[in-house]
Amino acid sequence: MSREKVNKPEEEQQQPVRRRGISAWTIIQWFLIPLLLIAALGGGLVVGYVILGKKELSDVLLWSTWKHVYDLVFAP
């Protein structure tokens with residue numbers, strides 16, 4: 001036995017194209033992941049400089065501190 005296609009009107013055969021919107025979770029990921037990365041960077045700076053290096057917390061935010069560290073690492 002062969003199956004015969006039932007002829008439907010053209011309007012019923014085409015499905016409307018549904019556009020998927022951006023979910024709330026996607027929006028949260030776009031903001032949460034960079035925020036967590038920045039927090040991890042700040043936490044690492046504080047742990048490395050204050051706890052391991054035994055320096056003051058206020059020195060972490062000084063530009064001269066990081067210029068000095070850069071010069072030490074990349075000195076010729």
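Residues numbered from 1 in each chain as written. Predicted model: local features only at pLDDT ≥ 70, side-chain atom pairs only at ≥ 80, totals over all residues. Heavy atoms only, no water.

### Quick notes on the overall build of the chain
For the chain, the count of helices and strands is three helices and zero strands. Secondary structure elements of the chain occur, N-terminal to C-terminal, as α-α-α. Burial analysis of the chain (76 residues in total) assigns 4% to the buried set. Carbon and sulfur atoms make up 65% of the accessible area of the chain, which totals about 8000 Å². (Helix = DSSP H or I, 4+ residues; strand = E, 2+ residues; numbered from the N terminus. Buried < 20%, exposed > 50% of the residue type's maximum accessible area, 1.4 Å probe, protein only. Areas by Shrake-Rupley, 256 points an atom, 1.4 Å probe, with all protein chains shown as cover.)

### Examining the packing of aromatic side chains
Taken as a whole and assessed by the stated rule, the structure comprises two aromatic pairs. Plain terms: the ring middles of tyrosine 49 and tryptophan 66 are 6.0 Å apart, the flat faces sit at 50 degrees to each other, and that makes the pair tilted. Linking tyrosine 49 in helix α2 (residues 24-52) with tryptophan 66 in helix α3 (residues 63-73), this pair joins segments that are 17 residues apart in sequence. (Phe/Tyr/Trp six-rings, centres within 6.5 Å; stacked < 30°, edge-to-face > 60°.)

### Considering unusual backbone geometry
Phi is positive for lysine 54, which is not a glycine, with a value near 55 degrees. With respect to the helices, strands and loops of the structure, lysine 54 is situated in the loop between α2 and α3. Among the residues examined, lysine 54 registers a relative accessible area of 70% and is labelled exposed.

### Observations concerning the environment of valine 60
Topologically, valine 60 is positioned in the loop between α2 and α3. Spatially, the C-alpha atoms of valine 60 and tyrosine 49 are 6.8 Å apart, while their sequence positions differ by 11 residues. Residues contacting valine 60, with those up to four places away along its chain left out, are Leu45, Tyr49, Val50 and Trp66. (Contact = heavy atoms within 4.5 Å.)

### Some thoughts on the side chain of threonine 65
Within the fold, threonine 65 resides in helix α3. On the basis of relative accessibility, which here comes to 11%, the residue threonine 65 falls in the buried class. A polar atom in the side chain of threonine 65 sits 3.0 Å from the backbone oxygen of aspartate 59. Leaving out residues up to four positions away in the same chain, threonine 65 has contacts with Tyr49 and Asp59. (Polar contact = N/O pair within 3.5 Å; in protein donor to acceptor, adjacent residues only side chain to side chain.)

### A word on the pattern of salt bridges
According to the stated counting rule, one finds one salt bridge in the structure shown. Put simply, lysine 67 and aspartate 71 hold a salt bridge, and the shortest N to O gap is 3.3 Å. Separated by four residues within a single helix, lysine 67 and aspartate 71 lie in helix α3, roughly one turn from each other. Residue classification places lysine 67 among the partly exposed positions, given a relative accessible area of 46%. The exposure class assigned to aspartate 71 is partly exposed, which follows from its relative accessible area of 38%. (Salt bridge = Lys/Arg side-chain N within 4 Å of Asp/Glu carboxyl O.)

These figures come from the coordinates and say nothing about function on their own.
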